[in-house]
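What the coordinates show
Here is what each chain is made of, one letter per residue.
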Amino acid sequence: MEYLLRDLRRTHYTSNVTEDVIDEEVTVMGWVHEIRDLGGIIFLLIRDIEGRIQVTAPSKKISAEILEDIRALRKESVVAVKGTVQSSSKAPNGVEILPSEITVLNMADQPLPMDPTEKVKAEIDTRLNSRFLDLRKTGVSAIFKIRNQMFKSVREYFADNNIIEINTPKLVASATEGGTELFPITYFEREAFLGQSPQLYKQMMMSAGFDKVYEIGQIFRAEEHDTLRHLNEAISIDMEASFMDDVDVKNILNDMMVKLITDINDKCSDELDILEYKLEVPQGRFPDIDYDEAVDLINARGVEMEYGEDLSREAEKVLGDEMDDFYFLSGWPTEIKPFYVMPYEDQPQKCHAFDLMYKNIELSSGATRIHQYDLLIEQMTKKDLSPESFDSYLKAFKYGMPPHAGWGLGADRLNMVLTGVENIRETVLFPRDRHRLTP
Ligand code: ATP
Ligand code: MG
């Protein structure tokens, strides 16, 4: 059978083919990025996860058989190239491979549904329809290399602070926090839903005595709107901590952001260069603006906003222009925040809730939570939710629930901030939006 790997193994990634291995025999494996046949000499560019390497085949030095193999290659086919490394002032990395054996591991059909070499700009829909090809582009895979570092740094931060990773169910019964539409599913003979957030479960983990927990997982929201910062399936980084309040968990969020941006600058400088994006490490504490003050500011800048409303897109843009890059928006009206948010003691129409904003985009929402059973029932009733349907959650508040606070941070939106992309779909391998359920 053709196309088998057999005993062939890669000895070097393209990035390891450097001046350090001149005259050595190497085997690289990857995709045919480019073929340039100048008659007397053929240049091949082979691409792998690390980059590209030039394979140079002058007809004087290379057997007719190999030259024929190269000429039969089609762009984006998968090959293994064995050969000797030699220095070359003209090659992109200063070195090239003189091939002694070329094995086709899979020939690509032509024409390709899209060009993965970044020469032609394609519309986002065309790109997403052939996402596997789109992801071969350096500028696209850079976003996911940064995403990988983002999760690594976030997990490191949590681990360093003794915050325990948990996994909670995404198949849930009817009762949820409200505020968004859910996706119904059939669960055997019953109706169930895809979870909108791990909120209720992570709070129950406080009663379980786990002290501080985090979860990185899918959230599902049947939001009809189709914007550049909403997906129907997103990833949320959620944390919850006992014996802490909103101020404490804001500090955790602030510290985590600083570590994260410092790490991305240190470890992903090549990817940031590819994306032509500069990230500034925030200095000191993020500024904090009170909701009341924000309403006044927004109105003063000519965007109408009633006290008690959520921020419109225009209102977010005013704040984005007026504030530092990162800032907290705190002291929200109790009425527009979920039932589990702790009201101010002396002024119960406001509550201990905050959003972390980056310019005009909401990154995170958090709060001190209500830990007293009676107050929780009171707030639920005020929001026309029936406590009976929250039985299994409420039970956790009756037998020793500590005071606690936490936040949920949109990982895909955070990924936008770390890469400078303006469409959230760019940060997700296979995005789910109002119109897209494949691939
Ligand atoms: P928005 O007002 O922007 O729709 P939200 O207030 O409904 O967001 P929360 O319920 O507070 O969102 O969720 C916490 C975080 O999860 C948000 O700050 C955001 O970063 C992220 N998030 C929420 N919904 C989505 C979504 N549909 N797509 C991508 N990320 C989301
Ligand atoms: Mg929110």
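Below or above, wherever it landed, is the structure these notes cover. Nothing here was measured: the structure is a model prediction, and the numbers come from that model.

Side note on the nonpolar core
Counting residues in hydrophobic clusters, the biggest one holds 49 residues, and the most contacted among them are Phe158, Ile237 and Trp407. In terms of residue count, helix α4 (residues 138–160) provides more of this core than any other element does, 10 residues in total. With residues up to four places along the chain from it excluded, the contact list for Ile237 reads Phe151, Val154, Phe158, Glu215, Ile216, Trp407, Gly408, Leu409, Ala411 and Leu414. Counting residues in hydrophobic clusters, the runner-up holds 38 residues, among them Met342, Met357, Ile370 and Ala396.

Some remarks on the pairing of strand β8 (residues 184–187)
The pairing of β8 with strand β9 (residues 190–194) spans 4 bridges and is classified as antiparallel. Looking at β9, one finds that Thr186 is bridged to Glu191. The antiparallel pairing of β8 with β9 creates a hairpin that spans 2 residues between the two strands, and Phe188 there sits at a positive phi of about 50°.

Notes on the sheet that holds strand β3 (residues 51–58)
Read around the closed barrel, the 5 strands follow the order β1-β2-β3-β5-β4; overall the barrel is mixed. Strand-to-strand twist across the sheet, computed as the mean angle between neighbouring axes with direction ignored, equals 50°. Here strand β4 (residues 78–87) pairs with strand β5 (residues 95–106) via 10 bridges, running antiparallel. In the sheet register, Thr84 faces β5, and the bridge partner there is Leu98. Together, β1 (25–37), β2 (41–48), β3 and β5 form the strand contacts of helix α1 (residues 64–72), whose direction differs from that of β5 by roughly 65°.

With respect to the site of ligand 1
Neighbouring ligand 1 are 14 residues, the closest being Arg221, Glu223, His230, Glu362 and Leu363. In this structure, an oxygen atom belonging to ligand 1 sits 3.4 Å away from a main-chain N or O atom of Ser364. Here an oxygen atom of ligand 1 and a side-chain polar atom of Arg413 are 2.9 Å apart. Surface burial for ligand 1 is 82%, taken as the share of its 590 Å² of free accessible area covered by protein chains. Where the shell around ligand 1 is concerned, the elements lending two or more residues are β15 (361–368) and β16 (404–410). In terms of residues, the shell around ligand 1 owes the most to one element, β15, which gives 4 residues. Class assignment for the residues of the shell around ligand 1 results in 4 nonpolar, 5 polar and 5 charged.

Points about the environment of Leu429
Following the sequence through the fold, Leu429 ends up in the segment after α12 (411–419). C-alpha of Leu429 to C-alpha of Arg52: the two residues are 377 residues apart in sequence and 22 Å apart in space. For Leu429, the residues in contact, after removing those within four places along its chain, are Arg131, Leu135 and Phe144.

Topic: a nonpolar patch on the surface
Taken together, the side chains of Leu171, Tyr187 and Phe188 make up a nonpolar region of the molecular surface, amounting to roughly 340 Å² of accessible area. Checked against the element boundaries, Phe188 lands in the loop between β8 and β9.

Let's talk about the sheet that holds β8
Taken together, 3 strands build an open sheet; the order of strands is β7-β9-β8 and the sheet is antiparallel. In this open sheet, the two strands that pair with only one neighbour each are β7 (171–172) and β8. Note: β7 against β9, 2 bridges, orientation antiparallel. Note on β9: the bridge partner recorded for Val172 is Phe193.

Topic: the coordination of the magnesium ion (ligand 2)
In this structure, Glu362 (OE) and Ser365 (OG) serve as the protein donors to the magnesium ion (ligand 2), at separations of 2.2 Å. With relative accessibility at 25%, the residue Glu362 sits in the partly exposed group. Classification of Ser365 by relative accessible area gives partly exposed; the value is 27%.

Examining the pairing of strand β13 (residues 326–330)
Summarising burial for β13: 5 of the 5 residues are buried, a large majority. Of the two faces of β13, the one lined by Phe326, Phe328 and Ser330 and the one lined by Tyr327 and Leu329 are each fully buried. In the sheet, strand β12 (residues 288–290) pairs with β13 via 3 bridges, with the strands oriented parallel. What sits directly across from Asp288, in β13, is Phe328. Across 5 bridges, β13 lies against strand β14 (residues 353–358) in antiparallel orientation. In the strand pairing of β14, Tyr327 is matched with Met357.

A look at α12
Because each turn of an α-helix spans 3.6 residues, side chains separated by three or four positions end up pointing in the same direction. Extensive coverage of α12 is indicated by the burial of 9 of its 9 residues. For α12, every residue scored as buried is listed here: Ala411, Asp412, Arg413, Leu414, Asn415, Met416, Val417, Leu418 and Thr419. A positive backbone phi angle near 80° is found at Gly420, which sits one or two residues after α12.

Overview of helix α10 (residues 373–382)
If you check which residues of α10 are buried, you get Leu376, Gln379 and Met380. Buried residues of α10 fall within an arc of 100° about the axis and therefore sit on the same side. Counted as exposed and oriented over 90 degrees from the buried face of α10: Asp374 and Lys382. Buried residues in α10 make contact with α11 (391–394). Taken from the residues just after α10, Asp384 is the one with a positive phi, measuring 60°.

Conventions used here
Residues numbered from 1 in each chain as written. Chains lettered and ligands numbered in written order. Predicted model: local features only at pLDDT ≥ 70, side-chain atom pairs only at ≥ 80, totals over all residues. Heavy atoms only, no water. Core = buried A, V, L, I, M, F, W, Y, C linked by side-chain atoms within 4.5 Å. Buried < 20%, exposed > 50% of the residue type's maximum accessible area, 1.4 Å probe, protein only. Helix = DSSP H or I, 4+ residues; strand = E, 2+ residues; numbered from the N terminus. Contact = heavy atoms within 4.5 Å. Pairing = 2+ DSSP bridges. Axes fitted to C-alpha atoms, helices over the stretch in contact; angles between N-to-C directions. Near = heavy atom within 4 Å. Polar contact = N/O pair within 3.5 Å; in protein donor to acceptor, adjacent residues only side chain to side chain. Areas by Shrake-Rupley, 256 points an atom, 1.4 Å probe, with all protein chains shown as cover. Nonpolar A, V, L, I, M, F, W, Y, C, P; charged D, E, K, R; others polar. Patch = residues over 30% accessible without salt bridge, like charges linked within 9 Å, V, L, I, M, F, W, Y side chains within 5 Å. Salt bridge = Lys/Arg side-chain N within 4 Å of Asp/Glu carboxyl O. Donors = N, O, S within 2.8 Å, 3.2 Å for Na, K, Ca; no water. Arc of directions from axis to C-beta.

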